[in-house]
Amino acid sequence: MKQKMVLKVTMICQKCRTKALEIVADSHGVTSLGLEGNEKEKVAVIGDGFDVVAMVAKLRKKVGHTEIVSLGAA
């Protein structure tokens with residue numbers, strides 16, 4: 001079953017956005033991703049079988065504060 005997850009990530013520069021997208025794209029089970037929001041501060045992830053907790057932990061370690069905005073069926 002495909003899931004859609006929206007993460008709010010503290011990204012202060014273009015380099016941070018690129019790094020966040022690379023981290024999410026390298027995760028197992030991700031089929032598509034993109035930036036959302038007025039200031040492109042949210043990362044939308046669609047896929048099947050990705051590990052939400054591991055992805056959030058990796059983003060917090062490498063980029064900055066990350067919180068889950070929504071998680072549900074795509």
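The chain has the name HMA domain-containing protein in an unreviewed UniProt entry, where Erythroxylum novogranatense is given as its organism.

## Some remarks on the state of the cysteines
Counting across every chain of the model gives zero disulfides. In this structure Cys13 is not part of a disulfide, and its nearest cysteine sulfur, from Cys16, lies 3.2 Å away.

## Describing the UniProt feature "domain: HMA" (unreviewed entry) in the chain
Mapped onto this structure's residue numbering, the UniProt feature "domain: HMA" (unreviewed entry) falls at residues 2-71. The span residues 2-71 is 33% helix and 37% strand, and its two end C-alpha atoms sit 11 Å from each other.

## Quick word on helix α1 (residues 14-25)
The end-to-end C-alpha distance of α1, which contains twelve residues, comes to 16 Å, matching closely the 16 Å that a straight helix rising 1.5 Å per residue would cover. Against β2 (30-36), β3 (42-47) and α2 (52-62) lie the buried residues of α1.

## With respect to the packing of α1 against α2
Across the interface, α1 lies against α2 with an axial gap of 10 Å and an inter-helix angle of 150 degrees. If you check the angle between α1 and α2, you find them roughly antiparallel. As for the relative orientation of α1 and α2, their crossing is right-handed in sense. Residues Lys19, Ala20, Ile23 and Val24 of α1 pack against Met55, Lys58, Leu59 and Lys62 of α2. Here the contact of α1 with α2 is built from residues that sort into five nonpolar, no polar and three charged.

Reading the values: the criteria
Residues numbered from 1 in each chain as written. Predicted model: local features only at pLDDT ≥ 70, side-chain atom pairs only at ≥ 80, totals over all residues. Heavy atoms only, no water. Disulfide = S-S within 2.5 Å. UniProt positions renumbered as here; feature names shortened; annotations may be inferred. Helix = DSSP H or I, 4+ residues; strand = E, 2+ residues; numbered from the N terminus. Expected span 1.5 Å × (residues − 1). Contact = heavy atoms within 4.5 Å. Axes fitted to C-alpha atoms, helices over the stretch in contact; angles between N-to-C directions. Parallel < 35°, antiparallel > 145°, perpendicular 65-115°, else oblique. Left-handed = near helix turned anticlockwise from the far one by under 90°. Nonpolar A, V, L, I, M, F, W, Y, C, P; charged D, E, K, R; others polar.

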